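Chain and residue survey
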Amino acid sequence: MPPLPTIEQSKERHVLVTGGGGYLGSMLVPKLLEQGYEVSVIDLFTFGEDPLLPVANHARLHIYKDDIRRLDHFSSLLRDVDIVIHLASISNDPTADLDPDLTISTNYLATTALARWARAEGVQQFIFSSSCSVYGAS
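Residues numbered from 1 in each chain as written. Predicted model: local features only at pLDDT ≥ 70, side-chain atom pairs only at ≥ 80, totals over all residues. Heavy atoms only, no water.

Turning our eyes to something else, we now look at the side chain of Ser105. Structurally, the position occupied by Ser105 is in helix α3 (residues 100-120). Among the polar contacts listed, one links the side chain of Ser105 to the backbone oxygen of Leu102, at a separation of 3.0 Å. The contact partners of Ser105, leaving out residues within four places of it in the chain, are Arg69 and Ala110. (Helix = DSSP H or I, 4+ residues; strand = E, 2+ residues; numbered from the N terminus. Polar contact = N/O pair within 3.5 Å; in protein donor to acceptor, adjacent residues only side chain to side chain. Contact = heavy atoms within 4.5 Å.)

Structure below.
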């Protein structure tokens, strides 16, 4: 992932991190806050809310406990967002195999809907992260 510009280098100030309570997101969110960004997180917190506890009360952090497949319930989620970092997904092949419909609705349908919505709202940058498992079996 290319480095994000610092506040001094850019006009971008508000970042939406989907899956911000997951492994990568919980590492990224505190770094974004340290750099001065306003950060919104949407996550189901399937594995608990503990990863974001150290920054949970930060003044520039907004946490939404919900499913990205329900984006229609968040009409203002992308308002004033400059960057979307999309980390929310069903993250590995064995889990995806357990419920293929959930995987398609999360990893494909919700992702494309979010990307289209971000474009329509004028989001300047959409960063999509994916695991190496999308490359197939080796």
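And the narrative resumes.
In space, the 5 strands of this open sheet follow the order β3-β2-β1-β4-β5, with parallel pairing throughout. For this open sheet the edge positions go to β3 (61-65) and β5 (125-128), each flanked by a neighbour on one side alone. This sheet shows a mean twist of 15° between the axes of neighbouring strands, independent of strand direction. In this structure, strand β1 (residues 14-18) lies alongside strand β2 (residues 38-43), joined through 5 bridges in parallel fashion. Bridge pairing in β2 places Thr18 opposite Ile42. (Pairing = 2+ DSSP bridges. Axes fitted to C-alpha atoms, helices over the stretch in contact; angles between N-to-C directions.)

This part takes up the side chain of Asp66. Relative to the helices and strands, Asp66 is located in the loop between β3 and β4 (83-86). At 2.6 Å, the side chain of Asp66 forms a polar contact with the side chain of Arg70. Once you skip the residues sitting within four places of it in the chain, Asp66 turns out to touch Ile42, Asp43, Leu44 and Phe74.

Before going further, it helps to spend a moment on helix α1 (residues 23-34). Buried residues of α1: Gly25, Ser26, Leu28, Val29, Leu32 and Leu33, and no others. Residues of α1 that are buried make contact with β1, β2, β3 and β4. Among the residues trailing α1, Gly36 stands out with phi positive, at a value near 100°. (Buried < 20%, exposed > 50% of the residue type's maximum accessible area, 1.4 Å probe, protein only.)

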